[in-house]
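Residue strings, one per chain:
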Amino acid sequence: MSAEPRINDRIRVPEVRLVGPSGEQVGIVPLAKALELAQEYDLDLVEVAANARPPVCKLMDYGKFKYESAMKAREARKNQAHTVIKEMKLRPKIDPHDYDTKKGHVVRFLKQGDKVKITIMFRGREQSRPELGYRLLQRLAEDVQDLGFIESNPKQDGRNMIMVLGPHKKKTEAMAEAREAQAARKAVRQGDTAGEHTDEDVEAEADHDAAAPADAG
């Protein structure tokens, strides 16, 4: 079945509840009368609620309506940001340097507005010490609490223990902040460049002033 609404002579009912071009309620009128009004206004008669009794129809420029709807949908898709779930794997007895590196990745993911699935991998006799993994996950959550929160508490999954961290900021907010920060950095760079030119100009003027009395003498 087509998702397109019926318009003009494709509407096959004896009467319709008519809505005017500005949204005003005209009332229930015969279909022939509604089509006549559409011609007078140089507009289309568009069925907007086919299941109503009688169906609701509106007078509008259907071509313009379709174009504006398509533009709105395109803009919505453009601005839509899907939250991505990143994954980070750790060992229960991770060394400090490796931990800091992994934590740095988690921080970056959360700043980007992404969720992070943290997996602790147990091997051999480590499986008998699940508290090691739990403490490590709690430590990581505390270290990044300014950026994210525990969305899914640590739970055992076979040989692994899993926890999910969610970002405090939505993906769209994180992207907007990143764009603002990039623009700010660009402005600073441009300001620095302008400042360098200004300093050179000042030095040139100073050299010229210093040379002037000698020329006069």
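Since we're looking at a predicted model, the values are computed, not measured.

### A short note on helix H1 (residues 31-41)
For H1, every residue scored as buried is listed here: Leu31, Ala34, Leu37 and Ala38. The buried residues of H1 occupy one face: seen down the axis, they fall within an arc of 120°. Projecting away from the buried face of H1 at angles above 90 degrees are the exposed residues Ala32, Gln39 and Glu40. Tucked into the core, H1 has its buried residues touching strand E1 (15-19), strand E2 (25-30), strand E3 (44-49) and strand E4 (56-60). After H1 finishes, the residue Asp42 shows a positive phi value of roughly 60°.

### Some thoughts on the pattern of salt bridges
Per the counting criterion, the structure on display carries five salt bridges. Its salt-bridge partner being Glu126, residue Arg91 comes within 2.9 Å of it at the nearest N-O pair. Taken together, the positions of Arg91 in the loop between strand E5 (85-90) and helix H3 (96-111) and Glu126 in the loop between strand E6 (115-121) and helix H4 (130-143) put the pair 35 residues apart, joining distant regions of the chain. With relative accessibility at 26%, the residue Arg91 sits in the partly exposed group. For Glu126, a relative accessible area of 15% gives the class buried.

### Focus on the sheet that holds E4
Across the sheet, which stays open at both edges, the four strands sit in the order E2-E1-E4-E3 with mixed pairing between neighbours. The open sheet has two edge strands, E2 and E3, and neither has a second partner. Each adjacent strand pair in this sheet contributes to an overall mean axis angle of 35°, direction not counted. As paired elements, E1 and E4 share three bridges and run parallel to each other. Each bridged residue has a counterpart across the sheet, and for Leu18 the counterpart in E4 is Cys57. Those strands touched by H1 are E1, E2, E3 and E4, and its axis lies near 125° from that of E2.

### Considering the nonpolar core
Met88, Leu90, Val106, Val116, Ile118, Ile120 and Leu165 are the most contacted members of the largest nonpolar core, which has 19 residues in total. Mapped by element, the contributors of at least two residues to this core are E5, H3, E6, H4 and strand E8 (160-167).

### Here we look at the pairing of E3
Bridging between E3 and E4 involves five bridges; their strand directions are antiparallel. Bridge pairing in E4 places Val46 opposite Lys58.

### Describing unusual backbone geometry
Of the consecutive residues Arg53 and Pro54, the connecting peptide bond is found in the cis state with omega at -5°. Turning to its location among the elements, Pro54 is positioned in the loop between E3 and E4. Of note in the backbone geometry, Asn8 takes a positive phi value of approximately 50° without being a glycine. You can see Asn8 is positioned in the segment before E1. Look at Asp42: it is not a glycine, yet its phi comes out positive at around 60°. Take Asp42: it is sitting in the loop between H1 and E3.

### Looking at the environment of Leu18
You can see Leu18 is positioned in strand E1. Look at Leu18 and you get buried, because its relative accessible area is 0%. Sequence-wise, Leu18 and Cys57 are 39 residues apart; in three dimensions their C-alpha atoms are separated by 5.1 Å.

So, how was this worked out
- Residues numbered from 1 in each chain as written.
- Predicted model: local features only at pLDDT ≥ 70, side-chain atom pairs only at ≥ 80, totals over all residues.
- Heavy atoms only, no water.
- Buried < 20%, exposed > 50% of the residue type's maximum accessible area, 1.4 Å probe, protein only.
- Helix = DSSP H or I, 4+ residues; strand = E, 2+ residues; numbered from the N terminus.
- Arc of directions from axis to C-beta.
- Contact = heavy atoms within 4.5 Å.
- Salt bridge = Lys/Arg side-chain N within 4 Å of Asp/Glu carboxyl O.
- Pairing = 2+ DSSP bridges.
- Axes fitted to C-alpha atoms, helices over the stretch in contact; angles between N-to-C directions.
- Core = buried A, V, L, I, M, F, W, Y, C linked by side-chain atoms within 4.5 Å.

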